[in-house]
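# Overview (structure and organization)
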Amino acid sequence: MGAMANVESFDLDHTKVNAPYVRLAGVKTTPHGDSISKYDLRLLQPNAGAIEPAAIHTLEHLLAGYLRDHLSDIVDVSPMGCRTGMYMAVIGEPDEQGILKAFEAALQDTAAHDRPIPGVSELECGNFRDHDLAAARKHAQDALDGGLKVQKTILLDRS
Ligand SMILES: [Zn+2]
């Protein structure tokens, strides 16, 4: 059996980070020379709880729009399987302070969201019954209250 490809997030020491935070997880260069940066947008401290599936699903729907309101050139925003945060891919190499400000503004929009959740219908979503706006708003507010910061990558010491 061949070894699996290396995955950046498995090299992060999840015990040495301090959520909530924004972290540059990696930068890829395409064959044409463009950069695509991946960010770890962490709401909860790893291994100290998880966002309920319905709430992170609603966060996905809201942050998909609100992050794009505050940041151009977003390729993708997706929830982490561990349900402690989101991954975001962006064209170029925007600095972490700019990402921090955009995430903060998007979380403020999310915490204040009091209209229907966008994209919630059988036509638009793969599990449209599984949403929780109140919990999503609370997680957004908790992250803001927790004081967002830029987190450096601390690699696992496998020695
Ligand atoms: Zn959905």
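Figured I'd write up the structure that's included with this text. Sequence order as written defines the numbering, with residues in each chain counted from 1. Totals for whole chains, interfaces and linings use every residue, but because this is a predicted model, local features are given only for residues with pLDDT of at least 70 and side-chain atom pairs only at 80 or more, for both listing and counting. Water and hydrogen atoms were dropped before computing side-chain values, which therefore reflect all heavy atoms in the structure.

### As for the sheet that holds strand β1 (residues 21–29)
Spatially, the 5 strands line up as an open sheet ordered β3-β4-β2-β1-β5, and their pairing is mixed. In the strand order of this sheet, the two ends are held by β3 (74–79) and β5 (149–150), each with one partner. By this definition, two strands are paired if DSSP reports at least two bridges between them. By definition, any uninterrupted DSSP run of H or I lasting at least four residues is a helix, any uninterrupted run of E lasting at least two residues is a strand, and each is numbered from the N terminus. Across 7 bridges, strand β2 (residues 35–42) lies against strand β4 (residues 85–91) in antiparallel orientation. Residue D40 lies in a different strand from β4, and its bridge partner there is Y87. Each of β2, β3 and β4 is contacted by helix α1 (residues 53–70), which is oriented at about 160° to β3, the strand it contacts most. We call two residues in contact whenever any of their non-hydrogen atoms come within 4.5 Å of each other. Lines fitted to C-alpha atoms define the axes here, with helix axes fitted over just the stretch in contact, and angles between the N-to-C directions of these axes take values from 0 to 180 degrees.

### Here we look at the coordination of the zinc ion
The rule for donors is simple: N, O or S, within 2.8 Å of the metal, or within 3.2 Å if the metal is Na, K or Ca. Water isn't counted, so a site may look like it is missing partners. Of the protein atoms, only H57 (NE2), H61 (NE2) and C125 (SG) coordinate the zinc ion, at distances of 2.1 to 2.2 Å. Within one chain, the residues serving as donors to the zinc ion are arranged as H-x3-H-x63-C. One end of the pair, H61, is in helix α1; the other, C125, is in the loop between α2 (96–111) and α3 (133–146), and 64 residues separate them in sequence. There is no split in this pair, since H61 and C125 are both buried. The buried label goes to any residue with under 20% of its type's maximum accessible area, the exposed label to any with over 50%, and the partly exposed label to all in between, with areas taken from a 1.4 Å probe on protein chains only.

### Digging into the pattern of salt bridges
Think of it this way: side chains of opposite charge can pair up when their charged atoms draw near. Here, a salt bridge means any Lys or Arg side-chain nitrogen found within 4 Å of an Asp or Glu carboxyl oxygen. Scanning all chains against the criterion turns up 6 salt bridges. Between D11 and R158 there is a salt bridge, with the nearest N and O atoms lying 3.2 Å from each other. Linking D11 in the segment before β1 with R158 in the segment after β5, this pair joins segments that are 147 residues apart in sequence. According to the relative accessible area criterion, D11 is partly exposed, its value standing at 21%. K138 serves as the salt-bridge partner of D142, at 2.8 Å between the closest nitrogen and oxygen. With D142 and K138 both in helix α3 and 4 residues apart, the pair spans about one turn of that helix. Looking at D142, the relative accessible area reads 35%, which means it is partly exposed.

That is the geometry; function is a separate question.
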